[in-house]
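# Topology and contacts: notes
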Amino acid sequence: MHSLLCNMLVVNKVINKILLLKILKVAALFFACEVNAQASTITYYVEEAALQQYNTRILEMALEHADLQVPKLKSLDEKMTREQALTRMDSGDIDIMWLATSQEFEERFIPVRVPMYKGLMSYRVLMIRQGNEQKFDGIRTFTQFKELKAGVGRFWTTTKVFKAEDINSVLTTKVHNLYPMLEGGRFDYIPRGVMEITPELKKHANLPLALEPSLLLHLPTAVYPFVSKSNPKLAELIEEGMLKALDSGEFDAYFQTTNQYLDTLKIISQHKWKVIPINNSILPKETPLQNEKLWVNFSEYLEY
């Protein structure tokens, strides 16, 4: 009797182990199906055509480092307003957009808090009228700077910061009008990302516009991949993959070959800049400003 009882216990243990293995296999299969279902086709939208190649490559790199077979990536090439694109993110029709972070966006979508351009857009230079350089001579403080008049797009994130910091500004909804307005003396400068200034001056070479070579604004800014709330697993995978790509060195190796980085470095290294710090009061408190590996460092060229 005792021997029979022992045998039954052994059999029960074996059966329980088999059942557990089957449950684990089913769970693993379910998880894999969930990931594949969510990521079988990833639809993304890049607002600026000049950033299409870079954003796509970083997305591919992140998914590769997340040990996920890179799914089909579908870029939406149709033109739409930002609000149209954001509405399609709300519905899940678009999985990913890249946006300068704000509290509004972080509540509306899922932020992947790894800055795409390592904070390059935190550095802004001034586009001015040729021959108007003397107006900027002697400006050394934020108080002096804020009395100059900026030309800005009504819906720019920069515009919200300028308003919060009481920086004198002229707004327009038609951004392409800023350049002839600057030429016409409606304001003193247009703040542009360092990586934006060269192509924009080339684009508007018919106008007498120039780079102001002494003042550099530092306005902490992070552009993240934002993921639709309909696809939280995708957000986790992208964050995991981007951090692994940074740790492996692949992210920086690619980033430092881009025109955005090289153009920025060229301009910053050619001049001695006086930095005007601007508080970004709309930057969410979760922004990882203290994690140095996430941010580009130009301190050797700057005077604070």
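Figured I'd write up the structure that's included with this text. Computed from a predicted model, the values in this text were never measured in an experiment.

From N to C terminus, the protein includes 11 helices and 12 strands. Among the 304 residues that make up the protein, the fraction classed as buried is 47%. For the protein, the proportion of contacts with a sequence separation of at least 24, taken over those separated by at least 6, is 78%. Total accessible area on the protein stands at roughly 15900 Å², and carbon and sulfur atoms take up 55% of it.

A few words on the packing of aromatic side chains. Per the stated rule, a full pass over the model turns up nine aromatic pairs. Ring plane angle 70° and centroid distance 5.6 Å describe the contact between Y123 and F298, whose orientation is recorded as edge-to-face. Here Y123 is found in strand 5 (residues 123-129), whereas its partner F298 is found in the loop between strand 11 (273-277) and strand 12 (302-303), with 175 residues between them in sequence. Given the relative accessible area of 7%, Y123 is considered buried. What makes F298 buried here is its relative accessible area of 2%.

It is possible for side chains bearing opposite charge to pair when their charged atoms get close. Throughout the structure, instances matching the rule amount to 22 salt bridges. Here R82 and E47 are joined by a salt bridge, their closest N and O atoms 2.6 Å apart. Placement of R82 in helix 3 (residues 82-91) and of E47 in the loop between strand 1 (41-45) and helix 2 (52-65) is noted, with a sequence separation of 35 residues between them. On the basis of relative accessibility, which here comes to 32%, the residue R82 falls in the partly exposed class.

Okay, the packing of helix 2 against helix 9 (residues 232-248) next. Axis separation between helix 2 and helix 9 bottoms out at 7 Å; the angle between their running directions is 90°. By the angle between their directions, the pair helix 2 and helix 9 is classed as roughly perpendicular. Residue-level inspection shows I58, L59, M61, A62, L63 and H65 of helix 2 in contact with helix 9, the latter providing L234, L237, I238, G241, M242, K244, A245 and S248. Considered class by class, the residues forming the contact of helix 2 with helix 9 number 10 nonpolar, three polar and one charged.

Procedures and definitions
Residues numbered from 1 in each chain as written. Predicted model: local features only at pLDDT ≥ 70, side-chain atom pairs only at ≥ 80, totals over all residues. Heavy atoms only, no water. Helix = DSSP H or I, 4+ residues; strand = E, 2+ residues; numbered from the N terminus. Buried < 20%, exposed > 50% of the residue type's maximum accessible area, 1.4 Å probe, protein only. Contact = heavy atoms within 4.5 Å. Areas by Shrake-Rupley, 256 points an atom, 1.4 Å probe, with all protein chains shown as cover. Phe/Tyr/Trp six-rings, centres within 6.5 Å; stacked < 30°, edge-to-face > 60°. Salt bridge = Lys/Arg side-chain N within 4 Å of Asp/Glu carboxyl O. Axes fitted to C-alpha atoms, helices over the stretch in contact; angles between N-to-C directions. Parallel < 35°, antiparallel > 145°, perpendicular 65-115°, else oblique. Nonpolar A, V, L, I, M, F, W, Y, C, P; charged D, E, K, R; others polar.

It is worth stressing that arrangement in space is one thing and function is another; only the former is reported here.
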